[in-house]
Amino acid sequence: MSENPLAPQRLRFPTDASALTARIWPASATRTDDGELAVGGLTASDLAARFGTPLYVVDERDVQSRAVRVRNAFTEAFERIGTRAHVYYAGKAFLTTQVAAWMAEADLRVDVCTGGELAVALAGGVDPALLGFHGNDKSDAEIARAVEVGIGTIVLDSHEEIQRVSRAAADAGVVQRVRIRINSGVHASTHEYLATAREDQKFGIPLTEAVAAAESVRAEPSLAFVGLHSHIGSQIFDESGFREAARRLMDVHATLVASGPVPELNLGGGWGIDYTEADSAFAPEDVAEALATIVAEACAERDIPVPEIAVEPGRYIVGPAGITLYRVGTIKPVTLEASASESATRTYVSVDGGMSDNARPALYGADYTARLARTSDAPAVLSRVVGKHCESGDIVVNDEYLPGDVRRGDLLAVAATGAYCWSLASNYNHVGRPPVVAVADGAARILVRGESIDDLLARDTGVVPEPSAGR
């Protein structure tokens, strides 16, 4: 067999369509002696029999070790330049009460961006002083609640939020620490919807207005200006964007230092992970060293103190630690014209989930890696893993080589689904959201229970209750 002409250039014909590339799969992912996929010491068939499919599976130890690795990388890099680094876990990637507790145990702070995420972090036992609150349209109720619980910092996303947060803090009789999110204008190399620092989008205050915004904050007695904040986007592999954003922020930071204290600088997150063999992710140590070098050089050039630094990784910590298990259903080979003189076949492999449990391919054209839970020696065929929803764009894995003997009833695993899959899940077509299970050391426990039809009907006010017995 050879490469299919319908395959994208990034996808190479595999020598082994059952192989698990370590940098894409959870740390504990392996094949048992009989060839079955196992994570956290539990086989895919055991997990599916116990919890059903689709099923989000999270390698608990992998999440914890990744959190510690990031913390250590930034702590060590910034200690070398004479300052401290604070790592905030970006809760939008994947947040449950237990995940929040894992982050606290790893000495990470947590970043939230809605009242719901705030409630989950607090319920997970995170000290509110170690929380940061983002969001471009925080409600008055969300701001008041954040101030009430003693949140560590609120990130101001617009000029009008300065007054709104100031009033909330004054009403509560406190001085609220705030950062200002700056739109640096850096055009990160990523999908348009993942680039969050371009001029024509909703986040942040323009770089040219940063000094005026900071002075407005300083004029409010109920606010304490902590520093600037930047986030250029997500799933980024080119470090030049991070370097340029840091340089631009340091220019403004230096200007503000001349007129008052600016103790911190938040450089955001956004570095990518490996979803496919074609990806090449940064190591956190490399990111930390690069940013530390930029900050140290910028401060030396401007003869200003080195501020404390904050960063906000999310995807790196949870993304590779998660997989999604599906049950294969309909299989449909489709012959297409590959060129004027050549036709080729793509095999559509339907599974029992789809865009309701992973919206990223439909939203961003995101690519993933898939493997059958069992091994096979059958020649690989170009496949497209698709969901059960009534949308042509309901694609789980756009292009993958799977064994040609894939059949109905097989278990199929999609790698690196720990970030932004459960978070973006929906009830499209009235499909219940799957459960999330943490696995470690041969044991599994539910982090979030799955939704049943009864759960979906429970919120429908038109449902007529069944008559009581005896009436």
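Everything that follows concerns the structure shown earlier in this document.
As the structure is a computational prediction, the values presented were derived from the model and not from experiment. (Residues numbered from 1 in each chain as written. Predicted model: local features only at pLDDT ≥ 70, side-chain atom pairs only at ≥ 80, totals over all residues. Heavy atoms only, no water.)

This part is about the state of the cysteines. Tallied over the entire structure, the rule returns zero disulfides. Not part of a disulfide, C113 finds its nearest cysteine sulfur in C421, a span of 17 Å. Relative accessible area serves as the criterion here: at 26%, C113 is assigned to the partly exposed category. (Disulfide = S-S within 2.5 Å. Buried < 20%, exposed > 50% of the residue type's maximum accessible area, 1.4 Å probe, protein only.)

Moving on, we come to the packing of aromatic side chains. By the definition in use, this model includes five aromatic pairs. Relative to Y401, the ring of F13 has its centre 5.1 Å away and its plane inclined at 70°; by these criteria the two rings are edge-to-face. Taken together, the residues F13 in the segment before strand 1 (30-31) and Y401 in strand 18 (residues 395-403) connect sequence positions 388 residues apart. On the basis of relative accessibility, which here comes to 23%, the residue F13 falls in the partly exposed class. Residue Y401 is classed as buried on the basis of its relative accessible area of 2%. Following the ring pairs from residue to residue traces out a cluster consisting of F74, F78 and W271. Against the face of Y316 rests R66, its NZ or CZ located 4.6 Å from the ring centre. (Phe/Tyr/Trp six-rings, centres within 6.5 Å; stacked < 30°, edge-to-face > 60°. Helix = DSSP H or I, 4+ residues; strand = E, 2+ residues; numbered from the N terminus. Lys NZ or Arg CZ within 6 Å of the ring centre and 35° of its normal.)

By size, the foremost hydrophobic cluster in this structure holds 103 residues, and its most contacted members are F74, Y89, M103, I180 and I317. If we ignore the near neighbours within four places in the chain, the residues touching F74 are A85, V87, W271, P284, V287, A288, L291 and V311. Of all hydrophobic cores here, the second largest spans 21 residues; its members include A29, L42, A44 and F51. (Core = buried A, V, L, I, M, F, W, Y, C linked by side-chain atoms within 4.5 Å. Contact = heavy atoms within 4.5 Å.)

Packing of helix 4 (residues 115-123) against helix 5 (residues 140-149) leaves a shortest axis separation of 10 Å and a crossing angle of 25°. By the angle between their directions, the pair helix 4 and helix 5 is classed as roughly parallel. You can see that helix 4 and helix 5 cross each other, and the crossing is left-handed. The residues of helix 5 that touch helix 4, namely those facing G115, L118 and L122, are E142, R145, A146 and V149. Its residues assigned to classes, the contact of helix 4 with helix 5 shows four nonpolar, one polar and two charged. (Axes fitted to C-alpha atoms, helices over the stretch in contact; angles between N-to-C directions. Parallel < 35°, antiparallel > 145°, perpendicular 65-115°, else oblique. Left-handed = near helix turned anticlockwise from the far one by under 90°. Nonpolar A, V, L, I, M, F, W, Y, C, P; charged D, E, K, R; others polar.)

Moving on, we get to the sheet that holds strand 3 (residues 42-43). Strand order in the open sheet formed by three strands is 1-2-3, and the pairing between neighbours is antiparallel. Each edge of the sheet is formed by a strand with only one pairing partner; in this case those strands are strand 1 and strand 3. In this sheet, strand 3 lies alongside strand 2 (residues 37-39) in antiparallel orientation, the contact comprising two bridges. The residue of strand 3 that forms the bridge with A38 is T43. (Pairing = 2+ DSSP bridges.)

Running from N to C, helix 2 (residues 60-79) and helix 9 (residues 284-302) point in directions that differ by 30°, and their axes come no closer than 9 Å. Compared by their axis directions, helix 2 and helix 9 come out roughly parallel. Here helix 2 and helix 9 pass one another in a crossing that is right-handed. When helix 2 is examined against helix 9, the residues R69, V70, A73, F74, A77 and F78 are found in contact with a partner set consisting of P284, E285, V287, A288, E289, L291, A292 and V295. Counted by class, the contact of helix 2 with helix 9 contains eleven nonpolar, no polar and three charged residues.

Here we come to the pairing of strand 6 (residues 109-112). Burial along strand 6 is two-sided: R109 and D111 and V110 and V112, pointing in opposite directions, are all buried. Across three bridges, strand 5 (residues 85-90) lies against strand 6 in parallel orientation. Following the sheet pairing, Y89 is matched in strand 6 by V110. The parallel pair strand 5 and strand 6, bridged by helix 3 (residues 97-105), forms a crossover whose chirality is right-handed. (Right-handed = clockwise from strand over helix to strand, strands pointing away.)

Moving on, we get to the pattern of salt bridges. One pass over the full model with this rule turns up 28 salt bridges. R374 is the partner of D410 in a salt bridge, and the nearest nitrogen-oxygen pair spans 2.8 Å. Highlighted residues: D410 in the loop between strand 18 and strand 19 (411-415) and R374 in the loop between strand 16 (370-372) and strand 17 (380-386), separated in sequence by 36 residues. The two residues D410 and R374 agree in class, both being buried. A salt bridge links R384 to D399, with the nearest nitrogen and oxygen atoms 3.8 Å apart. Remark: D399 occurs in strand 18 and R384 occurs in strand 17; sequence separation between them is 15 residues. (Salt bridge = Lys/Arg side-chain N within 4 Å of Asp/Glu carboxyl O.)

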